Amino acid sequence: MRTSLILAATLGLAMMAQSAAAEMINKVSPHTVSVTVDRLQAAVEGAGATIFARVDHAEGAASIDMEMRPAQMLMFGNPALGTPAMLDSQTSGLDLPLRVLAYEDGDGQVHVVYHEPASFVADHGLPADAEYLKKMTGALNNLTNKAISSEQ
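Quick caveat: nothing in here was measured; it's all calculated off a predicted structure. Along each chain, residue indices are assigned from 1 in the same order as the chain's sequence is written. Totals for whole chains, interfaces and linings use every residue, but because this is a predicted model, local features are given only for residues with pLDDT of at least 70 and side-chain atom pairs only at 80 or more, for both listing and counting. For side-chain calculations, the full set of non-hydrogen atoms in the structure is used, while hydrogens and water are omitted.

A. Representation of the overall build of the protein in the model. Helical segments are the DSSP runs of H or I of at least four residues, strand segments are the runs of E of at least two, and each set is numbered from the N terminus. If you tally the helices and strands in the protein, you get six helices and five strands. Throughout, exposure labels follow a simple rule: accessible area from a 1.4 Å probe, protein chains only, divided by the maximum for the residue type, with under 20% read as buried, over 50% as exposed, and the rest as partly exposed. Per-residue burial for the protein yields a buried fraction of 34% across its 152 residues. It only takes one pair of heavy atoms within 4.5 Å for two residues to be counted as in contact. Considering only contacts in the protein between residues 6 or more positions apart, those separated by 24 or more positions represent 66%. We get accessible surface area from the Shrake-Rupley algorithm with a probe of 1.4 Å; when it comes to residues, only the shown protein chains can shield them. In the structure as shown, the protein presents an accessible area of about 9200 Å², 59% of it carried by carbon and sulfur atoms.

B. Highlighting the nonpolar core. Residues belong to one nonpolar core when they are buried, are Ala, Val, Leu, Ile, Met, Phe, Trp, Tyr or Cys, and are joined through side-chain atoms within 4.5 Å. Ranked by internal contacts, the top residues of the largest apolar core, which has 27 residues, are L40, F76, Y132 and M136. Contributing elements (two or more residues each) for this core: α2 (33–46), β3 (71–77), α4 (79–88), β4 (98–104), β5 (110–115) and α6 (131–148). Per-element tally for this core: the top contributor is α6, with seven residues. If sequence neighbours within four positions are ignored, L40 has contacts with L74, F76, V100, L143, T144 and A147.

C. Region of the structure containing the packing of α2 against α6. A fitted line through C-alpha atoms serves as each axis, taken over the contacting stretch for helices, and the angle formed by two N-to-C directions is quoted from 0 to 180°. Here α2 crosses α6 at 135°, and the two axes come no closer than 8 Å. Considered as vectors, α2 and α6 are oriented oblique to each other. In terms of crossing hand, the pair formed by α2 and α6 is right-handed. Side by side, α2 and α6 meet where T36, R39, L40, A43 and V44 of the first sit next to L143, T144, K146, A147 and I148 of the second. When the residues that make up the contact of α2 with α6 are grouped by side-chain class, the tally is six nonpolar, two polar and two charged. Should an angle fall under 35 degrees it is called roughly parallel, over 145 degrees roughly antiparallel, and 65 to 115 degrees roughly perpendicular, with every other angle called oblique. In this scheme the crossing of two helices becomes right-handed for a clockwise turn of the near helix relative to the far one and left-handed for an anticlockwise turn of less than a right angle. Residues are grouped as follows: nonpolar covers Ala, Val, Leu, Ile, Met, Phe, Trp, Tyr, Cys and Pro; charged covers Asp, Glu, Lys and Arg; every other residue, Gly included, is treated as polar.

D. Region of interest: the environment of T50. Mapped onto the fold, T50 is located in strand β2 (residues 50–56). The class of T50 is partly exposed, set by a relative accessible area of 34%. As for T50 and M75, which are separated by 25 residues in sequence, their C-alpha atoms are 8.7 Å apart.

E. Just the sheet that holds strand β1 (residues 24–29), in detail. Criterion used throughout: strands pair if DSSP finds at least two bridges between them. Strand order across the open sheet formed by five strands is β1-β5-β4-β3-β2, with antiparallel pairing between neighbours. Two strands lie at the open edges of the sheet, namely β1 and β2, each paired on one side alone. The average angle at which neighbouring strand axes cross in this sheet is 20°, direction not considered. Those strands touched by α2 are β1, β2, β3, β4 and β5, and its axis lies near 5° from that of β3.

F. Representation of the pairing of β3 in the model. Where burial is concerned, most of β3 is hidden: six out of the seven residues are buried. Pairing of β2 with β3, which is carried by six bridges, proceeds in the antiparallel orientation. Opposite R54, over in β3, you have L74 as the bridge partner. The pairing of β3 with β4 spans six bridges and is classified as antiparallel.

G. Fine view of the pairing of β5. Burial within β5 is extensive, with five of its six residues counted as buried. Relative to β5, β4 runs antiparallel, the two sharing four bridges. Counterpart to A102 in the pairing with β5 is V112. Joining the antiparallel neighbours β4 and β5 is a turn of five residues, in which G108 adopts a positive phi near 85°.

Keep in mind that these numbers describe shape and distance, not what the molecule does.
So this is what it looks like as structure tokens:
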């Protein structure tokens, strides 16, 4: 009986870990980190959303005499989408405004990553069918696609 409980708990943890890993979207950019985030910022502003912060992690590392490959995070949102989520669960403010990270890996490839808004359902108890989650998902997909597009 005890072996069965341990096995079930281990399997449950493994499934949770797999689920959590599946919630991060990863796209590849043909541009540098800086250009990718510039393009993302332009797309966000063009969509009428608000930029709250742009964080240059490599610059932060350099400020303490450490070296880091390029990595920048853009935090942005639209109160028309974020406010209803926060009204449903104020803890969603932990993940809002939305954040997208662009970073260069050890091979020089630039990645654009963000958390899938559907993960907010389990994390914050939001309704799975919430229209704002669908809109956030579509917006993140469209905006990041513009950032990584090879077209001007």
